[in-house]
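Coordinate analysis (summary)
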Amino acid sequence: MDNDHREEMETEEESFADLFERSQKDAGRLEPGAKVEATVLQIAKDWIFLDTGRKGEGVLDIKELLDADGNLSVKVGDKVTAWFVSSRNNEMRFTTKLGGGGSHSAGNAQLEEAYAAGIPVQGVVEKEVKGGFEVKVAGSRAFCPFSQIALRRVEDTAALLGKQMSFKITEYSEKGRNIVLSHRALLEEELQQQKDALKETLNVGDRVKGTVTSLRDFGAFVSIGAVEGLLPVSEVAWARVNHVSEVLSVGQEVEVVVKGIDWEKNRISFSLKDTLADPWEEAASAFPEGSYQNGKVARLTPFGAFVTLASGVDGLIHISKLGAGKRIQHPKEVLSEGQEVEVKVESVDREAKKISLALASVSRAAEEQAQSMDAYKKTVAEAPKGMGTLGDLLKAKLKG
């Protein structure tokens, strides 16, 4: 191979290497407004240096991460959420918010940039106006509708006045004279991120902590952060619950078990009773067959009466055992709900969670009758035999 050919190939290889490197850079190129999760690499006097997982350093103004007392709120190794602003000399400029002040014209330029790139802005809620709030941001006045200040309706609007909050600019026109903001949009984005994370980690059978958000006739809604799920009334306790308000209240912290997940329909169901000890585990030993127990009539049905023996443990007296031998049409002819009764345990099926009962008075009467019959039979069996027939008497006399 001659030298000219070799040099030509080396030049082509170098060109290919340059093209490959450039393509790799382009693949990781950020557009203004791109949101990233970065790691704090170094903290200098005025700047915080970030690792974004891309080539080149990311820098962030240190003032953005100072709290109200001037203390830095992050340390090396912490994760921060930031938005890409621009790139120069292999240095990427990021921000966690815009709208920190400056002249009106400079502020307008920032706001227009934030609107175009979707970067959040910082603003102060100044006063309540018709339909929403007036917010001061970067020297300009903007409007945030009531529906966009939070995820749910805010009852105490006065508590928001003077509060500094983050907003997304949803409308920017008339050179900054018409600016509409939304705090809710940022909250929804954050919730969606948390929901996406839950999709990867949440499984049926997991125990999670949540907060009761509302009560309904059919159950309670429980929030576990990014998502809400239903806790049916049948899953609130082992004992029968007529309404969840008997057990739960709005705002109450609870630990629940995930019973079902359907991400397509956005439905999650929980169970509170699965976190509690199953009273049926001890039912066989606590209520042995043949024993007499005291209970309370929980409910009456056409086929019998359910009697509560302990919290979460009900037994059934079948209607056929309620009439003391007489046919009745309904258990209410003999019993009433809430009545204290003594019953006899006839059988226990722990697996099926069923206990068969009988009224103690009826059982005792049957036992006494059976005992009387047994005693009579025994008396008859042990009594002296009769004198016998006339032939027997004659035989006995002749023998004598």
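Described in the following lines is the structure provided in the data block. Computed from a predicted structure; not experimentally measured.

Conventions used here
- Residues numbered from 1 in each chain as written.
- Predicted model: local features only at pLDDT ≥ 70, side-chain atom pairs only at ≥ 80, totals over all residues.
- Heavy atoms only, no water.
- Pairing = 2+ DSSP bridges.
- Helix = DSSP H or I, 4+ residues; strand = E, 2+ residues; numbered from the N terminus.
- Axes fitted to C-alpha atoms, helices over the stretch in contact; angles between N-to-C directions.
- Salt bridge = Lys/Arg side-chain N within 4 Å of Asp/Glu carboxyl O.
- Buried < 20%, exposed > 50% of the residue type's maximum accessible area, 1.4 Å probe, protein only.
- Expected span 1.5 Å × (residues − 1).
- Contact = heavy atoms within 4.5 Å.
- Phe/Tyr/Trp six-rings, centres within 6.5 Å; stacked < 30°, edge-to-face > 60°.
- Lys NZ or Arg CZ within 6 Å of the ring centre and 35° of its normal.
- Core = buried A, V, L, I, M, F, W, Y, C linked by side-chain atoms within 4.5 Å.

Quick look at the pairing of strand β19 (residues 340–349)
Alignment of strand β16 (residues 292–301) against β19, held across five bridges, turns out to be antiparallel. Looking at β19, one finds that Gly 295 is bridged to Val 341. The sheet contact formed by β19 and strand β20 (residues 354–359) spans six bridges and is antiparallel. Bridge pairing in β20 links Val 345 to Leu 357. In textbook terms, the turn of a hairpin is the stretch between consecutive antiparallel strands, and for β19 and β20 this stretch comprises four residues, one of which, Lys 353, has a positive phi near 55 degrees.

Description of the sheet that holds β19
Taken together, the five strands give a closed barrel; going around it, the order is β16-β17-β18-β20-β19, and neighbouring strands pair in mixed fashion. Sheet twist, expressed as the average angle between the axes of neighbouring strands with direction ignored, equals 50 degrees.

Some thoughts on the pattern of salt bridges
Within this structure, the stated rule accounts for 15 salt bridges. Glu 228 is the partner of Arg 152 in a salt bridge, and the nearest nitrogen-oxygen pair spans 3.2 Å. Of this pair, Arg 152 sits in the loop between β8 (140–145) and β9 (164–173) while Glu 228 sits in strand β13 (residues 228–232), placing them 76 residues apart in sequence. Owing to a relative accessible area of 59%, Arg 152 belongs among the exposed residues under this scheme. Relative accessible area serves as the criterion here: at 32%, Glu 228 is assigned to the partly exposed category. In this structure, Glu 346 engages Lys 321 in a salt bridge whose closest nitrogen and oxygen atoms are separated by 2.3 Å. In this pair, Glu 346 sits in strand β19 while Lys 321 sits in the loop between β18 (313–318) and β19, placing the two residues 25 residues apart along the sequence. Overall, Lys 321 belongs to the partly exposed group, its relative accessible area being 30%. Salt bridges linked by common partners bring Glu 126, Glu 134 and Arg 141 together as one network.

Points about helix α3 (residues 184–201)
Here α3 is 18 residues long and its end C-alpha atoms lie 26 Å apart, about the 26 Å a rise of 1.5 Å per residue gives. Buried residues of α3: Ala 185, Leu 186, Lys 195 and Leu 198, and no others. Buried residues belonging to α3 abut β9 and β10 (178–182).

A few points about the packing of aromatic side chains
Enumeration according to the criterion identifies five aromatic pairs in this entry. Centre to centre, the rings of Phe 303 and Phe 306 are 6.0 Å apart; their planes meet at 90 degrees, and the pair counts as edge-to-face. For Phe 303, a relative accessible area of 43% gives the class partly exposed. Its end group placed over the ring of Trp 238, Lys 273 keeps NZ or CZ at 4.7 Å from the ring centre. Its end group placed over the ring of Phe 306, Arg 299 keeps NZ or CZ at 4.2 Å from the ring centre.

Remarks on the nonpolar core
Grouped burial of nonpolar side chains is what soluble globular proteins tend to show. One finds Leu 111, Val 121, Ile 149, Phe 167, Ile 169 and Leu 181 to be the most contacted residues of the largest nonpolar core, which totals 23 residues. For this core, the secondary-structure elements that each account for two or more residues are β4 (79–88), α2 (104–117), β6 (121–129), β7 (132–137), β8, β9 and β10. The contact partners of Phe 167, leaving out residues within four places of it in the chain, are Pro 120, Val 121, Gly 123, Val 125, Val 135, Cys 144, Ile 149, Leu 181, Ser 182, His 183 and Leu 186. Listed in part, the 21 residues of the second largest apolar core include Val 222, Val 244, Leu 248 and Ile 268.

As for the environment of Leu 359
Along the chain, the position of Leu 359 falls in strand β20. Of the residues examined, Leu 359 reaches a relative accessible area of 9% and is grouped as buried. For Leu 359 and Glu 342, which are 17 residues apart along the polypeptide, the C-alpha to C-alpha distance reads 6.4 Å.

A short note on the sheet that holds strand β5 (residues 91–95)
By way of backbone hydrogen bonds, the strands of a sheet pair with one another, either parallel or antiparallel. Spatially, five strands are ordered β1-β2-β3-β5-β4 in a closed barrel, and the strand pairing comes out mixed. Each strand of the sheet is rotated relative to its neighbour by a mean of 55 degrees, with strand direction disregarded.

Thoughts on the pairing of β4
Where strand β1 (residues 35–43) lies against β4, five bridges are found, and the strand directions are antiparallel. For Val 36, the partnering residue across the bridge sits in β4 and is Ala 82. Summarising the sheet, β4 and β5 pair through five bridges and their orientation is antiparallel. Residue Ser 86 lies in a different strand from β5, and its bridge partner there is Arg 93. In textbook terms, the turn of a hairpin is the stretch between consecutive antiparallel strands, and for β4 and β5 this stretch comprises two residues, one of which, Asn 89, has a positive phi near 50 degrees.

Quick notes on the environment of Pro 32
Within the secondary structure, Pro 32 sits in the loop between α1 (3–27) and β1. Judged by its relative accessible area of 48%, Pro 32 falls in the partly exposed class. Each C-alpha atom, one on Pro 32 and one on Val 85, is 5.0 Å from the other, the two residues being 53 residues apart in sequence. Excluding its chain neighbours within four sequence positions, the residues that come into contact with Pro 32 are Phe 84, Val 85 and Ala 117.

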